[in-house]
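Take a look at the letters that make up each chain.
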Amino acid sequence: MDAHAALTLRRPSCAEGVLAALLGAWLLWALLATALTGRTIGDGVEYAALPVVLGAGLVLGRLCARWAGGFVLSAATTALALAVLVTPFYANAQAAVGVQLVALSGLLLSTALAGRPVASRGGGRRRSTTAAVVLPVLTGVLGVLLAARAEAASILVVAVAALVALALALAVPVGVSRVVGVASIGIGLVGVAGALVVVIVLARLPVWPQWLEEDDSLSWARQLLWRDALELWGEHPVVGAGPGSFVEHSEVARSEPHLYAVHSSVLQVGAELGAVGAVLFLAVLVAGASVAAQGDRARAVIGVGAWCALAVHSMIDHLYEFPVVVVLAGVVIGWAGASARRGRRAPVD
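Residues numbered from 1 in each chain as written. Predicted model: local features only at pLDDT ≥ 70, side-chain atom pairs only at ≥ 80, totals over all residues. Heavy atoms only, no water.

A. Just the overall build of the protein, in detail. A tally of regular secondary structure across the protein gives 14 helices and three strands. Out of the 349 residues belonging to the protein, those deemed buried represent 53%. Sequence-distant contacts in the protein: of pairs separated by 6 or more residues, those separated by 24 or more amount to 80%. Counting every atom, the protein has about 15000 Å² of accessible surface; 69% of that belongs to carbon and sulfur. (Helix = DSSP H or I, 4+ residues; strand = E, 2+ residues; numbered from the N terminus. Buried < 20%, exposed > 50% of the residue type's maximum accessible area, 1.4 Å probe, protein only. Contact = heavy atoms within 4.5 Å. Areas by Shrake-Rupley, 256 points an atom, 1.4 Å probe, with all protein chains shown as cover.)

Put into structure tokens, the structure is as follows:
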């Protein structure tokens, strides 16, 4: 591989350091809140697992940035998409995985279409080059099929796919790379904030709107769950009632197995980990978007878009409790933030 085509990685950025610190603070608070509220470690295991799984995804994402476009990586991504497609679990979580897979396919394609030779341990350059295009496209198609299993994800995946197409089609001048990153963060976080405001407003409505009653994804049951979460949060504003307390508090949550969670990640965190937990959670969302925006301009757009799409979706659902969703989101922002056109050259096979 010639020097011009060598893949490069940014050194860990300030944004990555901030995110790592926030994940550490999140883990400590989850354990402390568990102890302060008299809950058991088992009750808080999902909260404690979040920073570990997301951190693992970030590390894996940096490795993906180093070997982007390789035959093994492309094949593994496609195999993962197929495995999720045929493995039965919560349909909305499967759909969220699909959105992240579309972003991953875009990250792979961004390398292939940049004209860089593809490194592969075996099989030859021709097969690797073909796989670098065909397999990511297949992953993207499978991701769309998965995203179609949930109404919210089917809308969000269109936005992410459009961002992938934009990132691959437009050659943005290097001088405005930072502007692209900042703009991506701003637009994405405005969308997340808007989704949060909508959820809080809907939760406080005296009567559920008729046009939403006809929509299974935003039914009256969600409003009741959101109201119960806000009520519990109001009773324990700072520390929260403790991990696992929501299902004990909410009669609606106990009425059906699939209603065990708040169906809004931020309200679940607020109810069980209080204002401290909610602030840390939102700070992690902002820091994650900042990490994704550190890479080159094409990948920054893809990474920030996919990360914010997951956050918007999880404002009306409970997706961060599924490790496969979190680890893939970590891979996307880790890959997007680590890749760069200029920087320290990374050796390839």
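B. Spotlight on the environment of Thr40. Tracing the chain through its elements places Thr40 in the loop between helix H1 (14-36) and helix H2 (45-66). A residue is classified by how much of its surface remains accessible, and Thr40, at 45% relative accessible area, is partly exposed. Sequence separation between Thr40 and Pro243 is 203 residues, and the spatial gap between their C-alpha atoms is 8.3 Å.

C. Main features of the packing of helix H6 (residues 151-169) against helix H13 (residues 297-314). Across the interface, H6 lies against H13 with an axial gap of 8 Å and an inter-helix angle of 170°. When the interaxial angle is binned, H6 and H13 end up roughly antiparallel. Together, Ala152, Ala153, Leu156, Val160, Leu163, Val164 and Ala167 of H6 and Ala298, Val301, Ile302, Gly305, Ala306, Ala309, Val312 and His313 of H13 make up the contact between the two elements. Among the residues forming the contact of H6 with H13, the class breakdown is 13 nonpolar, two polar and no charged. (Axes fitted to C-alpha atoms, helices over the stretch in contact; angles between N-to-C directions. Parallel < 35°, antiparallel > 145°, perpendicular 65-115°, else oblique. Nonpolar A, V, L, I, M, F, W, Y, C, P; charged D, E, K, R; others polar.)

D. View of unusual backbone geometry. Within the chain, His263 stands out as a residue other than glycine whose phi angle is a positive 65°. With respect to the helices and strands, His263 occurs in the loop between helix H11 (251-255) and helix H12 (265-292). Under the relative-accessibility criterion, His263 is labelled buried at 5%.

E. Here's a closer look at the side chain of Ser265. Tracing the backbone through its elements, the reader meets Ser265 in helix H12. Ser265 gets classed as buried once you look at its relative accessible area, which sits at 9%. Here Ser314 takes part through its side chain, which lies 2.4 Å from a polar atom of the side chain of Ser265. (Polar contact = N/O pair within 3.5 Å; in protein donor to acceptor, adjacent residues only side chain to side chain.)

F. A look at helix H3 (residues 71-86). Between its first and last C-alpha, H3 extends 23 Å over 16 residues, near the 22 Å set by a 1.5 Å rise per residue. Along H3, the residues classified as buried are Leu73, Ser74, Thr77, Thr78, Ala81 and Val84. Along the axis of H3, the buried positions cluster into a sector of 135°, meaning they face one direction only. Away from the buried face of H3 by more than 90 degrees, exposed residues Val72 and Val86 are located. (Expected span 1.5 Å × (residues − 1). Arc of directions from axis to C-beta.)

G. Structural detail: the confidence of the model for the protein. Averaged over every residue, the pLDDT of the protein is 82; the share at 70 or more is 80%. Element-level pLDDT for the protein is lowest in strand E3 (residues 344-345), with a mean of 41, against a maximum mean of 95 in H12. With pLDDT under 50 throughout, residues 1-7 is counted as low confidence; its partners more than four residues away or in other chains account for 17 contacts. Here residues 171-176 is a poorly scored stretch, pLDDT under 50, and it has five contacts once near neighbours within four places are set aside; other chains count. (pLDDT = per-residue confidence, 0-100.)

H. Seen up close, the pattern of salt bridges. With the rule as written, the count across this model stands at four salt bridges. With its nearest N and O atoms 3.2 Å apart, the salt bridge here joins Glu16 to Arg62. Here Glu16, found in helix H1, pairs with Arg62, found in helix H2; they are 46 residues apart in sequence, far enough to count as distant. Here Glu16 falls in the buried class, since its relative accessible area comes to 15%. Under the relative-accessibility criterion, Arg62 is labelled buried at 18%. Among the ionic pairs, Arg39 bridges to Glu248, the shortest N-O distance being 2.8 Å. Of the two residues, Arg39 is situated in the loop between H1 and H2 and Glu248 in helix H10 (residues 245-249); the sequence distance between them amounts to 209 residues. Linked through salt bridges whose partners overlap, the residues forming this network are Arg39, Asp43 and Glu248. (Salt bridge = Lys/Arg side-chain N within 4 Å of Asp/Glu carboxyl O.)

I. Molecular detail of the environment of Val207. Counting through the fold element by element, Val207 comes out in the loop between helix H7 (177-203) and helix H8 (210-213). Classification of Val207 as exposed rests on a relative accessible area of 62%. Spatially, the C-alpha atoms of Val207 and Trp220 are 9.1 Å apart, while their sequence positions differ by 13 residues. Beyond its immediate stretch of four places on either side in the chain, Val207 contacts Gln223 and Arg227.

J. Seen up close, the packing of H12 against helix H14 (residues 323-338). Between H12 and H14, the least distance of the axes is 7 Å, while the angle of their chain directions is 40°. It follows from the interaxial angle that H12 and H14 lie oblique. Across from Gly288, Val291 and Ala292 in H12, the residues of H14 making contact are Ile333, Ala336 and Gly337. The residue inventory of the contact of H12 with H14, partitioned by class, reads four nonpolar, two polar and no charged.

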